[in-house]
Amino acid sequence: MKILFLTTILLSQNRNGGEVATQCFLDGLKHQGHEVTVVGYLRKGDRLDKKSQDTIIVAERNIETRKAKINSLYWFLLSLLKGMPYSAAKYYSGVYINILKKSLLTEEYDLIVIDHPQLAWLSRFLRQEDKCITISHNIEHQMYEEICRNANSFISKSIYGREARLIKAEEHKLAIKAKQIWTLTENDAKYFTNINGAAKTIAFTLPPTSEKLLDKPLSKNFDIGLLGSWSWKSNLEALQWFLESVYPYLPTNLSIHIAGKGADWLTSKYPNINYCGVVPDAQEFMAQARVIAIPTLSGGGIQIKTLDAIASGASIVATPVALRGISDPPSTVQIAENPEEFANFLLSAVSLSFTHKAFEEAKNWYHLRQDKFIHDIAAAIDNL
């Protein structure tokens, strides 16, 4: 099958969870032998992890508002002019439209995938006979509704309220136009199923994204590990909650290592916390911890770093939100409902001796989940 895959950001060195999840679907489709052409933007200054002849770069641009400078004002005005969400205006361009039109004129595609509702505006250029699948990484408008509720100013509430209303309309538009809706959690699938006229909805068990698993357990070099991109609002919220609410329950003789970009302010702030910055190998970092803490408090969809942490074989303590969409974690995972319980589970995990059995359980979990993901993609395509 010949597939045109339209996405927002191509997987690069400066990756985030959404891009990694997209690559899982791309790899899954290619694993089935389908010929996939992927179209998307590249972050300015980045380079692709997987460049091929079937990758079309629309342009290089800074997508994050804090880096976009004057472009963020242009996107805001464009969103007002076209009555579209700001998060969609960031990706709107005549270049993208022309690439799509040219692709449809010069090639015959059996299937077109629209990845993220921020690209719903591209659906206007599809032909009547085109079969379309949309991938929903989470229920976007619910995330903006939550930010709106928590906003402190009238302006912020107005901006995020508008964004929630408009992105909801885009989500519903794609849900009705597509032949199938692919989601990352059962909860999201149920939401789309209740939309009148929506396409068939399929929930996928997204696999961990590590390309290679460790073949044996590593020596434990520190007690507690945290890993994330701390410049993201929900991740920063989680880290601050850990430091303010969980950390006071922990003895100061425990060694805590925090890795990932965006938390330089941690350096030398706490006596037993070592800020590592960006680490060369995330799997190795997590495998060296006696326990991984994942204190996520908000967000939607499935959390990629939770999947990868489980696959590392390390013991894990996580909030219920961090385990959203993961209904079958191995026994290495404990779920904590409050700060004191979170701290107690961490202390218990630190005191336990790591066993090879736990490592093998996590490894088997990884392979079973990966096999199911590939099988589900094949079944979804067959159902078309």
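Preceding this paragraph is the structure being described.
Residues numbered from 1 in each chain as written. Predicted model: local features only at pLDDT ≥ 70, side-chain atom pairs only at ≥ 80, totals over all residues. Heavy atoms only, no water.

Trainee: Explain unusual backbone geometry to me, please; I cannot follow it from the model alone.
Mentor: Most peptide bonds adopt trans geometry, and most residues besides glycine take a negative phi value. You will see that His116, though not glycine, has its phi angle at about 90°, which is positive. Relative accessible area serves as the criterion here: at 10%, His116 is assigned to the buried category. In this structure, Ser268 takes a positive phi of about 65° despite not being glycine. Turning to its location among the elements, Ser268 is positioned in the loop between β9 (256–259) and β10 (273–277). Residue classification places Ser268 among the exposed positions, given a relative accessible area of 71%. (Buried < 20%, exposed > 50% of the residue type's maximum accessible area, 1.4 Å probe, protein only. Helix = DSSP H or I, 4+ residues; strand = E, 2+ residues; numbered from the N terminus.)

Trainee: Please explain the layout of surface pockets as it appears in this structure.
Mentor: Empty space among the atoms becomes apparent when a probe as large as a water molecule is rolled across them. Approximately 510 Å³ is the volume found for the second largest pocket. Lining the second largest pocket are 25 residues, with Leu184, Thr185, Glu186, Arg324 and Gly325 positioned closest to its centre. Where the lining of the second largest pocket is concerned, the elements lending two or more residues are α6 (140–150), α8 (186–193) and α13 (356–383). The biggest single contributor to the lining of the second largest pocket is α13, with five residues. In terms of residue class, the lining of the second largest pocket is made up of eight nonpolar, nine polar and eight charged. (1 Å grid on protein atoms, 1.4 Å probe; cavity = no way out; pocket = protein on both sides within 12 Å on 5 of 7 lines; lining within 4 Å. Points joined across faces, edges and corners; volume = space filled by probe spheres on them. Nonpolar A, V, L, I, M, F, W, Y, C, P; charged D, E, K, R; others polar.)

Trainee: What exactly am I supposed to notice about helix α9 (residues 233–246) here?
Mentor: Each full turn of the α-helix corresponds to 3.6 residues, which orients residues three or four apart in the same direction. Helix length check: α9 (14 residues) gives 19 Å between terminal C-alpha atoms against 20 Å at 1.5 Å per residue, within 8%. Along α9, the residues that are buried comprise Asn235, Ala238, Leu239, Trp241, Phe242, Leu243 and Val246. On its buried face, α9 sits against β8 (222–227), β9, β10, β11 (289–294), α11 (304–311) and α12 (339–351). (Expected span 1.5 Å × (residues − 1). Contact = heavy atoms within 4.5 Å.)

Trainee: Explain a nonpolar patch on the surface to me, please; I cannot follow it from the model alone.
Mentor: The grouping of Ile70, Leu73, Phe76, Leu77 and Leu80 at the surface amounts to a nonpolar patch, some 480 Å² of accessible area in total. Relative to the helices and strands, Phe76 resides in helix α3 (residues 70–82). Classification of Phe76 as partly exposed rests on a relative accessible area of 34%. (Patch = residues over 30% accessible without salt bridge, like charges linked within 9 Å, V, L, I, M, F, W, Y side chains within 5 Å. Areas by Shrake-Rupley, 256 points an atom, 1.4 Å probe, with all protein chains shown as cover. Salt bridge = Lys/Arg side-chain N within 4 Å of Asp/Glu carboxyl O.)

Trainee: Looking at this model, I keep getting lost on the nonpolar core. Mind explaining?
Mentor: As a rule of thumb, soluble globular proteins bury nonpolar side chains together. Counting 48 residues, the largest nonpolar core has Phe5, Phe25, Trp182 and Leu206 as the members making the most contacts within it. If you look at the next biggest cluster of nonpolar residues, it comprises 32 residues, including Leu6, Val58, Leu100 and Ile112. (Core = buried A, V, L, I, M, F, W, Y, C linked by side-chain atoms within 4.5 Å.)

Trainee: When you look at the pattern of salt bridges in this model, what are you seeing that I'm missing?
Mentor: Two side chains that carry opposite charge are able to pair once their charged atoms sit near each other. All told, the structure shown has seven salt bridges when counted by the stated rule. A salt bridge links Glu107 to Lys2; its shortest N-O distance comes to 2.6 Å. Within this pair, whereas Glu107 is found in the loop between α5 (94–106) and β4 (111–115), its partner Lys2 is found in strand β1 (residues 2–9), the two being separated by 105 residues in sequence. The salt bridge involving Asp223 is made with Arg290; its shortest N-O contact spans 3.0 Å. With a gap of 67 residues between them, Asp223 in strand β8 and Arg290 in strand β11 connect regions that are remote in the sequence. The class of Asp223 is buried, set by a relative accessible area of 10%. In the salt-bridge network here, residues are joined through shared partners; they are Arg127, Glu129 and Asp130.

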